[in-house]
Amino acid sequence: MQSRVGRGNEPWALGLVAGLLLLALAHSPVTKAQGLLHYDLSLGTDYRHAQLDWNIAGSLAGTTPNVLSELTWHDLEIAQVTAAAQVSVHDRLVLRGRLGYGAVVKGKNRDSDFDGDNRTLEFLRSDSKGGGEIADGGIGLGYQFRIYDQTAGHYAHVTPMVGYSRHLQYLKITDGMQTIPATGPIANLDSKYDADWAGPWLGLDLRLETGERTAVTIDVEYHWADYYAKANWNLRDDLTHPVSFRHDANGFGFIAAMALSHAVSKRWEVVARVESQYWETDPGIDTLYTVNTVTRVVQPTVTRLNEVKWPSLSAGVAATDRF
């Protein structure tokens, strides 16, 4: 499987690329001379509820046992801000960029180890505080079709899209409590798990004018994801730091969103939006970097990464300047 050791974790990278593309198009002499350029700039805030979980097997074959260890960050409450820009040429060619950043304000983590198949014979469990940050960024290009509904007297805008996106999770585990066996607080726990989903996507946008000032927009996207993650288990002296293990896999994502917009003036819109995301990997590779306590030689150990899942649901509002 392809290594992504050199991949950076800069969440602003996609936003920068999208911004440069939009800026170049906005300053095109032909576009400006013919007056074909229209663009939307949007800034908003969202509340997001999410969960990330992964589990590994005891061997590369997925056996002994089939689930050896499972980590779950659940009930993650995330406050995030979003920014988006869209340029359309002659109301046909559409170029779009979107960037979001969120901070986990509340969350939990559970780490469980098993001796038996199907999550049986649990011999180790810790319950901790889950925190961290997330970032989403993407660009898309599409062609808009306008369909006039004579019955309603309004237009429907249908836009097939193609694009590329990255979705990052920088998650933490702190304030731990050992619950199996019940030995109590885990001192100085400060472990990290950084995940990265990246790849192309295909989508479809449908905008329905429901009135003189209102419209409903439905967006759907299917993503192909190249998944890479690295972890730093800070209390494990037998593992390397800052990378104690890493995950590599292929996966997919599905995003569906609905927005209701209301024009408060000729240029400004207020938008209420809900969005559901679901991401999942195929079986992949878990590489553990063990340090020999005597020789200090690093010994990589490979086993099966069974799956990773990242579902979320968000709702928020934004203000859009259209001109």
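Our structure's up above, just so we're on the same page.
A quick note: this is a predicted structure, and the numbers were derived from the prediction, not measured.

## Section: the nonpolar core
Piece 1. If you look at the biggest cluster of nonpolar residues, it comprises 29 residues, and the most contacted ones within it are Trp 54, Trp 73, Tyr 193 and Trp 310.
Piece 2. Residue assignment for this core shows that the elements contributing at least two residues are strand 1 (37-56), strand 2 (69-89), strand 6 (154-180), strand 7 (184-209), strand 8 (214-232), strand 9 (245-263) and strand 12 (298-322).
Piece 3. Those residues in contact with Trp 54 that lie beyond four places of it in its chain are Ser 69, Glu 70, Leu 71, Trp 73, Tyr 193, Trp 233, Phe 245, His 247, Leu 305, Glu 307 and Val 308.

## Focus on unusual backbone geometry
Piece 1. In the segment running from Ile 180 into Pro 181, the intervening peptide bond is cis, with an omega of -15 degrees.
Piece 2. Within the element layout of this structure, Pro 181 appears in the loop between strand 6 and strand 7.
Piece 3. Cis geometry marks the peptide bond from His 241 to Pro 242; its omega dihedral reads 15 degrees.
Piece 4. Take Pro 242: it is sitting in the loop between strand 8 and strand 9.

## With respect to the packing of aromatic side chains
Piece 1. For the structure shown, the criterion picks out twelve aromatic pairs.
Piece 2. Their ring planes at 5 degrees and their centres at 6.3 Å tell us that Tyr 222 and Phe 252 sit as a pair that is stacked. Highlighted residues: Tyr 222 in strand 8 and Phe 252 in strand 9, separated in sequence by 30 residues.
Piece 3. Classification of Phe 252 as partly exposed rests on a relative accessible area of 25%.
Piece 4. Ring pairs connect the aromatic residues Trp 54, Trp 73, Tyr 193, Trp 233 and Phe 245, which therefore count as one cluster.
Piece 5. Lying over the aromatic face of Phe 323, Arg 267 brings its terminal NZ or CZ to 4.2 Å of the ring centre.

## Let's talk about the pattern of salt bridges
Piece 1. Here the structure, examined in full by the defined rule, presents 15 salt bridges.
Piece 2. With a closest N to O distance of 2.8 Å, Glu 70 and Arg 119 form a salt bridge. Taken together, the residues span a long stretch of sequence, with Glu 70 in strand 2 and Arg 119 in the loop between strand 3 (93-116) and strand 4 (120-143) at a distance of 49 residues.
Piece 3. Take Glu 70: its relative accessible area is 14%, and that puts it in the buried class.
Piece 4. A relative accessible area of 39% means that Arg 119 is categorised as partly exposed.
Piece 5. Across the pair Arg 166 and Asp 196 runs a salt bridge whose closest N-O atoms are separated by 2.6 Å. Of this pair, Arg 166 sits in strand 6 while Asp 196 sits in strand 7, and the two are 30 residues apart along the sequence.
Piece 6. According to the relative accessible area criterion, Arg 166 is buried, its value standing at 13%.
Piece 7. Each of Asp 40, Arg 207, Glu 269 and Arg 322 takes part in one network of salt bridges that share partners.

## Section: the pairing of strand 9
Piece 1. Where strand 8 and strand 9 come together, 18 bridges link them in antiparallel fashion. For His 223, the partnering residue across the bridge sits in strand 9 and is Gly 253.
Piece 2. Judged from the four bridges that link them, strand 9 and strand 11 (residues 284-291) form a sheet pairing that is antiparallel. Along strand 11, the bridge assignment pairs His 247 with Asp 286.
Piece 3. Examined bridge by bridge, strand 9 and strand 10 (residues 268-281) share 13 bridges and lie antiparallel to one another. What sits directly across from Ala 263, in strand 10, is Glu 269.
Piece 4. The hairpin turn running from strand 9 into strand 10, its antiparallel successor, is four residues long.

## Re the environment of Arg 119
Piece 1. Separated by 53 residues in the primary sequence, Arg 119 and Asn 66 have C-alpha atoms spaced 8.1 Å apart.
Piece 2. Here Arg 119 is in contact with Asn 55, Val 67, Glu 70, Phe 114 and Glu 307, once residues within four sequence places are set aside.
Piece 3. Within the local environment of Arg 119, its side chain forms a polar contact with the side chain of Glu 70, the two groups lying 2.8 Å apart.

## A short note on the side chain of Ser 165
Piece 1. Note that Ser 165 resides in strand 6.
Piece 2. In terms of polar contacts, Ser 165 uses its side chain to reach the side chain of His 223, at 3.0 Å.

## Details of the side chain of Ser 314
Piece 1. Structurally, the position occupied by Ser 314 is in strand 12.
Piece 2. A relative accessible area of 6% means that Ser 314 is categorised as buried.
Piece 3. If near-sequence neighbours (up to four positions away) are discounted, Ser 314 is found in contact with Tyr 47, Arg 48, Gln 80, Arg 273, Val 274 and Glu 275.

What counts and what doesn't
- Residues numbered from 1 in each chain as written.
- Predicted model: local features only at pLDDT ≥ 70, side-chain atom pairs only at ≥ 80, totals over all residues.
- Heavy atoms only, no water.
- Core = buried A, V, L, I, M, F, W, Y, C linked by side-chain atoms within 4.5 Å.
- Buried < 20%, exposed > 50% of the residue type's maximum accessible area, 1.4 Å probe, protein only.
- Helix = DSSP H or I, 4+ residues; strand = E, 2+ residues; numbered from the N terminus.
- Contact = heavy atoms within 4.5 Å.
- Phe/Tyr/Trp six-rings, centres within 6.5 Å; stacked < 30°, edge-to-face > 60°.
- Lys NZ or Arg CZ within 6 Å of the ring centre and 35° of its normal.
- Salt bridge = Lys/Arg side-chain N within 4 Å of Asp/Glu carboxyl O.
- Pairing = 2+ DSSP bridges.
- Polar contact = N/O pair within 3.5 Å; in protein donor to acceptor, adjacent residues only side chain to side chain.

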